[in-house]
Structures are given as structure tokens and as C-alpha cells.
Amino acid sequence: MVTEDHPAGGEGTDAHGPPVRIGALAPLSRPGWVEAGEHLLAGLETAVRDVNSAGGVRGRPIELLVRDTAADPERAAAAVDELARLGVAALAGEYHSVVARAAAARADALGLPFLCSSAVLDALTEGPTDHVARLAPTQSHGWRIYADFLLGAGHRRVAVVAEPSAYWAAGARILRDRLGRQGGEVVELPARALTPTALCDELVRRGATALLLLVGHPDPAVPIVRTVRSDPRLAGILLGAPAGQPEFTEWAELLGDDGAGIPFLRYLPERLGPLGVRVEAALRERLAGVPSFVAFEGYDTVTVLAEALRRGAGPDGNGAAVTWAEVAVAGTRGAIRFSRRPGVGVWQWAWPPVRIVDRDPENLDRFRVLHTGEASL
């Protein structure tokens, strides 16, 4: 397991004394989505630098203890146990929903505060808990917005190619329920049972006007996109990726023009405020490229945890008791507060900005806003 301690302090740091340790979970090796993990970590580290430069947590610097989950739920649960033994005050991060769910269950059992940065699976915990909170929107919220976008664009017969996973299954169910209410239909095609060519044959046979990629990246997403794009029978079909695969530069590097015009969910406002603009510049420098929404989620995570730990710190300065309902901070993407939402067991920011965008065919580095909205009931 990759183990990294990111000491607080250093040039420009105004916090002193023994550090407040925060355990950070991220997929930093395959089969995890490594680029997402790198962006998440960049956001976390940038925020730690800023918090420490502003005095830390009650005068004490934050120190990140980073653990690579590699998209493995068991590895994540073991990391939570290890970090708890090391005396972390809280946990942060994770990108993959099924991994975050394992980490959340273990954190809840240990009574350790965990702020989940990016995972969207509604059922992040088995039941209500006061130990876990989340910044990303729930899957049902974002994917209903995506379904509304499809309906508004005239798509009533939508195919999904899906791999076996609780996350993909939940996404397909949300889409099926939402489209079904408006007379639409979702045709489910198993990714592991069909070659990309056989998938194209099925799309033609079923008369689908859109294909959604509920599969991992780069494989099998990239071969599927290439094959569909090269099939003249499917020249008019919409390719979509609600989970956000086209957000990252690797997508554009692997697919080129074939990766453009594929709508996905993005959790950024159309325009950033002053804090967001400043953080974006810092993230660009750190990443040597355009920061994804995941990097902003990482930054906001540490900002929230620093405030939560200031409020919940006991006599020794450790933040064993975090009251999420009392936390209110200015994040990079808007004001952040937490509440209870029906059907969601964790404390939830309701809601981050949700937009549907794609990569512009005229400029792959530019994102076009296709739809912005709230999911109606």
C-alpha cells in the first residue's frame, strides 16, 4: 500500500505545535482511476497549505497521511484501521463509490469522522450516522438531472452498456425509473458479454438513439467509443457518460476527436467566485493542466474539515466530536452546509452545482455547458 505522510509546516506556514493528522484516501494505482486520485490529492494538499498558512486548526498545522486505496474496498477498510491506530483526527477523500462505502462503514464503526469528497452512491452507509458526511451530490440527484437532459433532447429509447457493480446498477435503476415516468425506455446491455462490434449490432437492432457508458475507463470505455464512432450505422447516436469519464485529460489523449461531444455530469458552477478562481490557478500550477471538479472537491474537503475540527476540538486539540450541522464554510463552488436528506444516511451538502457538459469538438480542452438544473421530484 502506498503510504505518504505530508507534513504540515514549511515555508509560509503560520501554524505551530504538534500536527492535527487527517487520513486521506484516494485511488493512486490501478485498477483505481488514478488521474481522479491525483486530482483529489492535489486539492487536498493545496487546501492543507492554505489552512496552515492561515494558522491551522487552533494554531496547530494539519498533516495529511495519504493511503492508496487502488479502488479496493478491503484495502480501504484496512487503511481506515491503520489510520485510526495512528491517531488521525478525521478521514478525508475517496473517489470510487464502492470503496468509499467500505471506508465509511469502518469509520462509522470506529466513531471516526469521515468527510467523503467524491463518491455519490446514495447508500454510503447502511443506516443513519453522525460520523460521516459527504460533499458530492447523491447519485440519484445528479443522475435524475442527466435523465431530464436526455428527455429534453428527445431521447426516449436509451441503451446503457454496464459492468457489474453496485454503482452502475444503481445508476441504471435511476435512469430507468426517471425515463420510464415520461414514457421512455432503458435497454440494458452487459458490457462483459458483448464485444464492441456486437454491441453496435445490438444498438442498431434495438433502435436506441443514445448509448450511456456505465463502464470503467480506459477499458472498456475507450474501445467501445472508438467502435461506435466508426460504425456508419450509428452516426446519429448520442454517446453519454454520466459518471464523468470525459472530465480527465487521459480521455482526450486516448480518444482525440472521438472523445468530444459526450455529455457527462460535472460538479462545478458555470463561473467560479474569487476563492474558486484563486484555487483554480493554484491547482493548474500543481497539476500542470486543467483541474477537474474532483480537485475542487478535495480542496473543499480540507476547508470543511478544518472548520469542523476547530469546532469539535477537545482539550487536547483533537477533533473526536464533529457536529456537521454546525459547520458552514465558503467553498470554492459555493457556501457549504450539511443537512439530512431523505433516504441518505450521512450528512449531505445539498447541493453542489450540477451541470452537464461535453468536450467541444472544435477545441477538446474547452467544455460546453449543455444543461444546468435541479432534479424535479
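Data block above holds the structure.
On a predicted model such as this, the values are computed, not experimentally measured, just so you know.

Caption draft 1: Spatial organisation of the pairing of strand β13 (residues 334–337). Note: strand β12 (residues 328–331) against β13, 4 bridges, orientation antiparallel. Looking across to β13, one finds that Val 329 is bridged to Ile 336.

Caption draft 2: Fine view of the pairing of strand β7 (residues 157–162). The buried fraction of β7 amounts to 5 of the 6 residues, a majority that puts the element mostly inside the structure. As paired elements, β7 and strand β8 (residues 185–190) share 6 bridges and run parallel to each other. Looking at β8, one finds that Val 158 is bridged to Val 186. For the segment spanning β7, helix α5 (residues 166–181) and β8, crossover handedness is right-handed. Here β7 pairs with strand β9 (residues 210–214) via 5 bridges, running parallel. Residue pairing for β9: Val 158 is matched across the bridge by Ala 210.

Caption draft 3: Region of interest: the pattern of salt bridges. Within the structure shown, the criterion is met by 23 salt bridges. A salt bridge links Glu 250 to Arg 30; the shortest N-O distance between them is 3.2 Å. Note that Glu 250 is positioned in helix α8 (residues 249–255) and Arg 30 in the loop between β2 (20–26) and α1 (34–53), a separation of 220 residues in sequence. Residue Asp 231 is joined to Arg 233 by a salt bridge in which the shortest nitrogen-to-oxygen separation is 2.8 Å. It is possible to trace a salt-bridge network through shared partners that takes in Arg 49, Asp 50 and Arg 278.

Rules used in this analysis
- Residues numbered from 1 in each chain as written.
- Predicted model: local features only at pLDDT ≥ 70, side-chain atom pairs only at ≥ 80, totals over all residues.
- Heavy atoms only, no water.
- Pairing = 2+ DSSP bridges.
- Helix = DSSP H or I, 4+ residues; strand = E, 2+ residues; numbered from the N terminus.
- Buried < 20%, exposed > 50% of the residue type's maximum accessible area, 1.4 Å probe, protein only.
- Right-handed = clockwise from strand over helix to strand, strands pointing away.
- Salt bridge = Lys/Arg side-chain N within 4 Å of Asp/Glu carboxyl O.

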